[in-house]
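A closer look at the structure
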Amino acid sequence: MENIIIVDPFSTGVNFLEDIRKRGYHPVGLWSKRSDHIYELMKGVRSPIENRYRGIATFMTEDSDYNVTLNKVKELKPLFILPGADLGIELAAMLAEDLGLPGNPVERIPVLTNKFLMHQALTDNGVRGIRGKIVHNWEETIGFYREQGFTGCVLKPYRGASSVDVRICDSEEELKAAFDEVFAEGNYMGGEEGMLLQERITGTEYIVNSVSYQGKHKLTAIWKHSKKKVEGGGMVYNYTETLSRPEAGCSALIKYAFDVLNTLGVQNGNVHSEFMIDEDGPVLIEINCRPMGSDMPSNFLDRIWGHHETDIALDAYLHPEAFLAHINDPFRPLAKGLKKHLITDKDMDVISAPVLAMIMHQKSFCHARLGKSVSDHLARTVDLDTSAGVLYLVNEDEGQLYRDRDFLERIENRYFYMLFSGKKADVADMPSSMDTVEDILKNEHPVGSIILLSNEINEMPGVTTVTFDNIRESQGGFQYGILDIVYSESEDYELISNMFFALADKIRRGGTIIVPERTYWHMPCGKESVEILSEAAGLLIEAPNADTKNVIKAYKD
């Protein structure tokens, strides 16, 4: 079986491995080792990929001697060598060039990876770029800031990814604080000491993704960012949405994006480009000669665009005539897509993640990636790497997708413990007197079929009683449901959330769920927890009347 090599199949680049297999070729993952430090940092990402594709792909690691790596790769007689992530761009280009395979010219790699050099190349060729300088100390930094007359600036690594160590500064004081912080961290992707200081461009940020072959470029996706500035000057992703159709200014953006590709000398493969549109039009932030990141599932992208970009890149390499014949086909997205990045403004210990139960019941849900956030500790969000997770939404109905997004943002901003629970109720806070299930039946007078989900009551006359273990086996179609979860030291809020949804599934249209105080008092957000779960399940919260006891009622429309 013929081999196709992917250098660093991380993030969305991992889709290459399955795409290659589906086409009847053998995928080979080559891990770059530009430095021992970076290689060790990425160990936690490599291992799950190797386990997932065990028996499907072969994996190897770059040798410290480039010629040894070249000879090992040559023995595999690869059809092509493509980068899957930022770290692999240089090695993929070197190997492809030395083996006479299509790729991007090695001589162009500096301007394709160094964010200072790429902007210098643009301005040298009459294409709009951003003023900047690589600075090595505070004197250089403040000197360039004042010399250029900046009123706002960006300090960031000249090689980097995931918005790590990117700082937005609106004053000299903020710049000094950012300088002291990011210079202490260093540039995690390697290179000479120093950071890039740039003029700050304000406007709307877009992504233009493309695939190239022999200098011909095909548009594959357009996205728009929404970001938030957090304490310390960092910019974090809030959500990123697709454009179902180009909006005002996007025609100039796309033409400019193609000019950037030509000016910088892009010849082959995926390019993920980020731009800002301000009053002067579009300007490049950076390009990355690899697939767009954020671990995009291929089925998520296929539903939006009718394709995913690793597959399009393989089309270009394996079937260039067909790729070039369709390079100017109309841009016709099939659905609206959105990535919601979960943001937390503080460090917290995590004991449960109810977010999974809630997001899976949204009509636009496609996929969720929580990653580090389901460990014992959740760090404050300061960049893409410290996002509490990413939720992938897609829907042919844009209105529904936006409703789902707005619901999730509201929970994130006001009821974060319903996404990630970091505390348990204290039994000392238990109300002294609460209605029993018998009291509720007497007060609410439910007439018809009733299902009771309880962790305490095993049997009750006139009521179908179920437990956590057997509710899913029960028949549905009940008129009333009661959720009776008495506090316990070992309770799991994710499990309680799932039980609420399981109970909602058993209620027929027109039916009602009743949740007493003895269930909701110990939930992460108290009474509001039940109301949030009701919204997530598509139920309508019933407004209380003057005689309503301490219960929450939700109606299944």
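Structural data are supplied above this passage.
Anyway, here's the lowdown on the structure attached to this text. (Residues numbered from 1 in each chain as written. Predicted model: local features only at pLDDT ≥ 70, side-chain atom pairs only at ≥ 80, totals over all residues. Heavy atoms only, no water.)

**Things to note about the overall build of the chain**
Quick note on the threshold: Helix numbering and strand numbering both begin at the N terminus, where a helix is a DSSP run of H or I of at least 4 residues and a strand a DSSP run of E of at least 2. Both definitions apply: the radius of gyration is a C-alpha atom measure, and the globule rule equals 2.2 Å times residues to the power 0.38. Think of it in three bands: residues with accessible area under 20% of the maximum for their type are buried, residues over 50% are exposed, and the middle band is partly exposed, with areas taken using a 1.4 Å probe on protein chains only. Two residues form a contact once any of their heavy atoms are found within 4.5 Å. Here the positive residues are Lys and Arg and the negative ones are Asp and Glu; neither His nor the chain ends is included. The atom standing in for a charge is NZ when the residue is Lys, CZ when it is Arg, CG when it is Asp and CD when it is Glu.
Looking only at helices and strands, one finds 19 helices and 24 strands in the chain. Here the C-alpha radius of gyration of the chain, 27 Å, is about what a compact globule of 557 residues would show, namely 24 Å. Buried residues in the chain amount to 56% of all 557 residues. Taking contacts inside the chain between residues at least 6 apart in sequence as the whole, the part at least 24 apart equals 72%. Each charge class in the chain can be summarised by its mean position, and for the 58 positive and 84 negative side chains these summaries are 4 Å apart.

**Describing the pairing of strand β22 (residues 507–516)**
In plain terms, the rule: What makes two strands pair is DSSP finding at least two bridges between them. With the strands aimed away from the viewer, a crossover counts as right-handed if its path from the first strand over the helix to the second runs clockwise.
Taking burial as the measure, the ten residues of β22 include seven buried ones, the bulk of the element. Across four bridges, the pairing between strand β21 (residues 478–484) and β22 is parallel. In the strand pairing of β22, Y480 is matched with T512. In this region the chain leaves β21, passes through helix α17 (residues 493–505) and returns to the parallel neighbour β22; the handedness of that crossover is right-handed.

**Focus: the sheet that holds strand β20 (residues 464–466)**
On the basis of which strands lie adjacent, the open sheet formed by six strands has the order β20-β19-β21-β22-β24-β23 and mixed pairing. Looking along the sheet, the strands with just one partner apiece sit at the ends: β20 and β23 (540–541). Bridging between β22 and strand β24 (residues 551–555) involves five bridges; their strand directions are antiparallel. The partner of T512 across the bridge, within β24, is Y555.

**Quick notes on the packing of helix α7 (residues 115–124) against helix α10 (residues 250–264)**
For the record, the criterion: Simply put, an axis is a line fit to the C-alpha atoms, just over the touching stretch for a helix, and the angle between two N-to-C directions goes from 0 to 180 degrees. In what follows, roughly perpendicular refers to angles from 65 to 115 degrees, roughly parallel to angles under 35, roughly antiparallel to angles over 145, and oblique to any angle outside these ranges.
Packing of α7 against α10 leaves a shortest axis separation of 10 Å and a crossing angle of 100°. The orientation of α7 with respect to α10, classified from their angle, is roughly perpendicular. Of the residues in α10, those in contact with M118, A121 and L122 of α7 are Y256, V260, T263 and L264.

**Things to note about helix α11 (residues 298–305)**
Every α-helix winds through 3.6 residues per turn, so residues three or four apart in the chain are directed the same way. Using the following cut-off: The arc in question is the one traced by the directions running from the helix axis out to the C-beta atoms.
Restricting attention to buried positions, one finds in α11 the residues F300, L301, I304 and W305. Each buried residue of α11 lies within a common arc of 105° when the element is viewed along its axis, so the set occupies one face. G306 sits one or two residues past α11 and shows a positive phi near 85°.

**Brief notes about the nonpolar core**
To keep it simple, the criterion reads: Here, nonpolar core refers to any group of buried Ala, Val, Leu, Ile, Met, Phe, Trp, Tyr and Cys residues whose side-chain atoms link them within 4.5 Å.
In this structure, M358, F420 and F500 are the most contacted members of the largest nonpolar core, which totals 56 residues. For this core, the leading source of residues is α17, giving eight residues.

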